[in-house]
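The residues making up each chain are set out below.
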Amino acid sequence: MAGQCILILFGLLGLYVVPPASGRMLLVPLTQEAVAALAPVAVAHGARLVAKGPWAGSLLVEGERDDLAPALLHHGIVALSAQMGGCGASA
């Protein structure tokens with residue numbers, strides 16, 4: 001029973017952080033090289049810069065996940081859902 005509850009919690013957490021197929025995403029660089037490459041790589045693959053992210057070096061962008069993901073991962077950048085707390089305008 002406890003194992004099932006843990007599995008459900010991790011599943012919900014996974015759904016919460018997976019970026020949408022299209023729309024706003026938080027891009028988080030994992031290395032210093034990734035910080036320098038973040039904006040140029042994102043723009044080169046069709047993303048529109050929206051705002052600085054809540055963490056140092058992160059950016060909030062609008063774009064297509066399938067267009068961005070391969071290039072971002074190659075440069076050490078992770079895309080997360082912008083629905084996470086601290087992303088975008090306050091309600």
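Refer to the structure presented above.
The model shown is predicted, which means the values in this text are computed figures rather than measured ones.

Asker: Any details on the overall build of the protein? Residues and values, ideally.
Answerer: Along its length, the protein carries 3 helices and 4 strands. Going from the N terminus to the C terminus, the protein shows its helices and strands as α-β-α-β-β-α-β. Counting over 91 residues, the protein shows a buried share of 30%. Long-range pairs, those at least 24 residues apart, make up 70% of the contacts in the protein with a sequence separation of at least 6. Within the structure as shown, the protein displays about 5800 Å² of accessible surface, and the carbon and sulfur contribution to it stands at 66%.

Asker: Talk me through the nonpolar core; I want residue IDs and the actual numbers.
Answerer: Residues Leu27, Val61, Leu72 and Ile77 are the most contacted members of the largest nonpolar core, which totals 14 residues. Where this core is concerned, the elements lending two or more residues are β1 (22-29), α2 (32-44), β3 (59-64) and α3 (65-74). With 5 residues, α2 is the largest single contributor of residues to this core. Excluding residues that lie within four positions of it along the chain, Val61 makes contacts with Gly23, Arg24, Met25, Leu27, Ala47, Arg48, Leu49 and Val50.

Calculation criteria
Residues numbered from 1 in each chain as written. Predicted model: local features only at pLDDT ≥ 70, side-chain atom pairs only at ≥ 80, totals over all residues. Heavy atoms only, no water. Helix = DSSP H or I, 4+ residues; strand = E, 2+ residues; numbered from the N terminus. Buried < 20%, exposed > 50% of the residue type's maximum accessible area, 1.4 Å probe, protein only. Contact = heavy atoms within 4.5 Å. Areas by Shrake-Rupley, 256 points an atom, 1.4 Å probe, with all protein chains shown as cover. Core = buried A, V, L, I, M, F, W, Y, C linked by side-chain atoms within 4.5 Å.

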